[in-house]
Amino acid sequence: MNAKTLSRFAVYAVLLIAAFFFLAPLYVMLATSFKDAEQIRSGNLLSLPTSLNFESWTLAWSTACTGIDCRGLKPYFWNSVMMAVPAVLISTGWGAINGYVLSMWKFKGSDLLFGFILFGVFMPFQVVLLPMSQVLGFLGLSSSIGGLVLVHCLAGMAGTTLFFRNYYTAIPRELVNAARMDGAGFWRIFYRIVIPMSTPILMVTLIWQFTNIWNDFLFGVAFSGADRKPITVGLNNMANTTSSVKSYNVDMAAAIIAGLPTMLVYVLAGQYFVKGLTAGAVKG
Amino acid sequence: MAASLQIAGIRKVYGKGDKSVEVLKKIEIDVAPGEFLILVGPSGCGKSTLLNIIAGLEDPTEGELRIAGKNVIGVAPAQRDIAMVFQSYALYPTMSVADNIGFALEMRKVPLEVRNKRIHEVAAMLQIEHLLDRRPAQLSGGQRQRVAMGRALARDPQLFLFDEPLSNLDAKLRVEMRAEIKRLHQVSGITSVYVTHDQIEAMTLGSRIAVMKDGILQQIGTPDDIYRRPANTYVAGFIGSPTMNFITGSASGTGATGQFSFEGGALQLPCPAVGKVTLGQRPEHIHIEAQATWRGEVTLVEPTGADTYVVVKTGSGLITVRTPPSTTVKVGENIGLSVSSQHNNWFDAQTGLRLA
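A quick note: this is a predicted structure, and the numbers were derived from the prediction, not measured.

Rules behind the numbers
Residues numbered from 1 in each chain as written. Chains lettered and ligands numbered in written order. Predicted model: local features only at pLDDT ≥ 70, side-chain atom pairs only at ≥ 80, totals over all residues. Helix = DSSP H or I, 4+ residues; strand = E, 2+ residues; numbered from the N terminus. Buried ≥ 20, exposed ≤ 12 C-beta atoms within 10 Å, placed from the backbone. Domains from an automatic or database assignment. Contact = placed C-beta atoms within 7 Å. Nonpolar A, V, L, I, M, F, W, Y, C, P; charged D, E, K, R; others polar. Pairing = 2+ DSSP bridges. Axes fitted to C-alpha atoms, helices over the stretch in contact; angles between N-to-C directions. Core = buried A, V, L, I, M, F, W, Y, C linked by C-beta atoms within 7 Å.

(A) Seen up close, unusual backbone geometry. All names here are of chain B. Residue Ser241 is joined to Pro242 through a cis peptide bond whose omega torsion reads -5°. Within the secondary structure layout, Pro242 lies in the loop between helix H8 (233-238) and strand S11 (245-251). Of note, the phi angle at Asp81 is positive, near 60°, even though the residue is not glycine. In this structure, Asp81 sits in the loop between strand S5 (70-71) and strand S6 (82-85). Judged by the 20 C-beta atoms lying within 10 Å of it, Asp81 falls in the buried class. Within the chain, Tyr89 stands out as a residue other than glycine whose phi angle is a positive 70°.

Structure follows, in structure tokens:
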């Protein structure tokens, strides 16, 4: 065995160990979710389930109890969908328009404004919890899905603006000038020329925003009303308020259900994610 | 329909106060309908800024711009009825060639049928009909250039602007497209302004050439004018390749007996002024003459095929001489040089301005 194959071997070994390390929790969750209570108590954490038992999945989805509420995760899941879909679309569209203006229609002070918007990317959201709840109160949006959508749009806008602005600075100015001379206006240039060129960064932003908003716990726990809680909060409550015996299999199934949509989005659009990230990073 | 273009006292200043830079200093140019005006100069001379101001992509600090007699300062680019060919072509990457050519017509709400007819007319004119369904990324450089031209031609504008359109092409294609642009201008007769830093493009394409430097218009005239009677040493040196030879010395008389003496030689030449002057001589107007008193040593022989350029080291610096390819001079040889009394360009040695 020469040095080259040896180093190859070492590289693969390290990669395999890393892969095992990251996949182990997923395996434990999946395996546990298919076991029954007896198996969990007697068996090893890493052992395979003896039979495929879907009961904990149906329990987690529709009948598991949080305190006296026994509707499972289903209502929270749909709350999350109703919150995440509009919030993702609005914050992405908003970021695209901001980025378009800040890169191609610069005005006096636009770079300064962009600097301020950048602050939003690094701002810890805990800081805005109290003022935000006041604002939501003024607007009559407290404890509603609409309120959560607004909060996520505002919180995500800084990041999405940054993504689009950096991507659009790489688009040559001459393209916009050519369109202006051809007779296209601000919006026409945006949706006929700029948006069709934005597929990679659109994908990045959509994935990014969906993951952030779907997985958000802080805003969900702070601003949602009793029956408007997103799935992260529902999962937490369900797992933490079991009365007698902890049913790990149900908790695991519930956690996987909560994480499934983000995984799905990665699988479907993940190829664009890497492409878009590098495109924005290298040229921005 | 060809329109006139008047550039009247255009100034452009960037920045404010001490840090301000004046990139255009009171430019005055009148372009007659149907003319092909070339703006030529080194990079940073302000020629592209001037073109952008004509296009309406930038506003001048001062001055007026009239297209067909109407002042268009403050008018949006789209309303000026101008088409522009950009250096990078600026083709819309997500649209087909046909959509690229038809975009301006679509923006002007031209009905689909008329639009398609026009697209095919233009494509036929440029021989790109077989490419209409392709995307710009699938085209070669020369094809992209043609599409960019087609986009400008499609809507029959009052004015054509070209911003160094050939600088991204290889040498052979550049010559080809240069001829193509000239042909299209002759066919369409649309007033055109063409920016370039390439003096051969300027000479071959332009009906008039405006030479610019540091935001100042140095000279404007026909290619022949600019070549034969350059207004100053800058223009004289910029236009023509290889560049004009300059010899600084002193002239003793203006009459037929005038003597122009300089380091390393003297010539029997009538000069329009007495005192310190610079003589400008193009390589083709200096001859090798065995018996001449003005002598130098050959340092370089450059055959180009049609001509051979001989660089001679004289007391007044290096002198380039154009000779027929049959020349037999060798490097290191000591040869004599002469000039005829015609084709002499005399400049003031201090100001560089042309004397008479």
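Let's pick the thread back up.
(B) The arrangement of the environment of Met203(A) in detail. All names here are of chain A. If you trace the backbone, Met203 turns up in helix H10 (residues 199-215). Assessed through the 21 C-beta atoms surrounding it within 10 Å, Met203 is described here as buried. It is 27 Å that separates the C-alpha atoms of Met203 and Ala18, two residues lying 185 residues apart in sequence.

(C) Representation of the domain arrangement of chain A within the structure. Residue and element names in this part refer to chain A. Domain assignment breaks chain A into domain 1 (3-53) and domain 2 (74-283). Here the C-alpha centroids of domain 1 and domain 2 sit 33 Å apart. Across the contact, 8 residues belong to domain 1 and 7 residues belong to domain 2. Within the residue set of the side of domain 1 that touches domain 2, elements represented by two or more residues are helix H1 (3-34) and helix H2 (37-42). Examining the composition of the side of domain 1 that touches domain 2, we find that 4 residues originate from one element, H1, more than from any other.

(D) Examining the environment of Glu263(B) more closely. Residues and elements named next belong to chain B. For Glu263, the position within the fold is in the loop between strand S12 (260-262) and strand S13 (265-267). Residue Glu263 is classed as exposed on the basis of its 11 C-beta neighbours within 10 Å. When residues no more than four places from it in sequence are discounted, the contact partners of Glu263 are Gly315 and Ser316.

(E) Quick peek at the interface of chain A and chain B. Listed per partner, the contact involves 14 residues of chain A and 17 residues of chain B. Only helix H8 (173-182) and helix H9 (186-194) of chain A provide two or more residues apiece to the side of chain A that touches chain B. At 7 residues, the largest contribution of residues to the side of chain A that touches chain B is made by H8(A). Partitioning the side of chain A that touches chain B into residue classes produces 8 nonpolar, 2 polar and 4 charged.

(F) Quick look at the sheet that holds strand S3 (residues 36-40) of chain B. All names here are of chain B. Across the sheet, which stays open at both edges, the 6 strands sit in the order S6-S7-S8-S3-S9-S10 with mixed pairing between neighbours. A strand with exactly one partner marks an edge of an open sheet, and here the two such strands are S6 and strand S10 (216-221). Geometrically, the sheet is characterised by an average inter-axis angle of 15° between neighbouring strands, direction not taken into account. Taken together, the 5 bridges between strand S9 (residues 208-213) and S10 define a ladder with antiparallel strand orientation. Within S10, the position partnered with Ala210 by the bridge is Ile220.

(G) Layout of the pairing of strand S4 (residues 62-67) of chain B. Residues and elements named next belong to chain B. Taken together, the 5 bridges between strand S1 (residues 5-14) and S4 define a ladder with antiparallel strand orientation. Looking at S4, one finds that Leu5 is bridged to Ile67. Taken together, the 2 bridges between S4 and S5 define a ladder with antiparallel strand orientation. Counted as the bridge partner of Ile67 is Lys70 from S5.

(H) Representation of the nonpolar core in the model. In this structure, Ile38(B), Leu39(B), Met84(B), Leu161(B), Ala210(B) and Val211(B) are the most contacted members of the largest nonpolar core, which totals 118 residues. In terms of residues, this core owes the most to one element, helix H7 (residues 145-169) of chain A, which gives 14 residues. Of all hydrophobic cores here, the second largest spans 17 residues; its members include Phe262(B), Val310(B), Val312(B) and Phe347(B).

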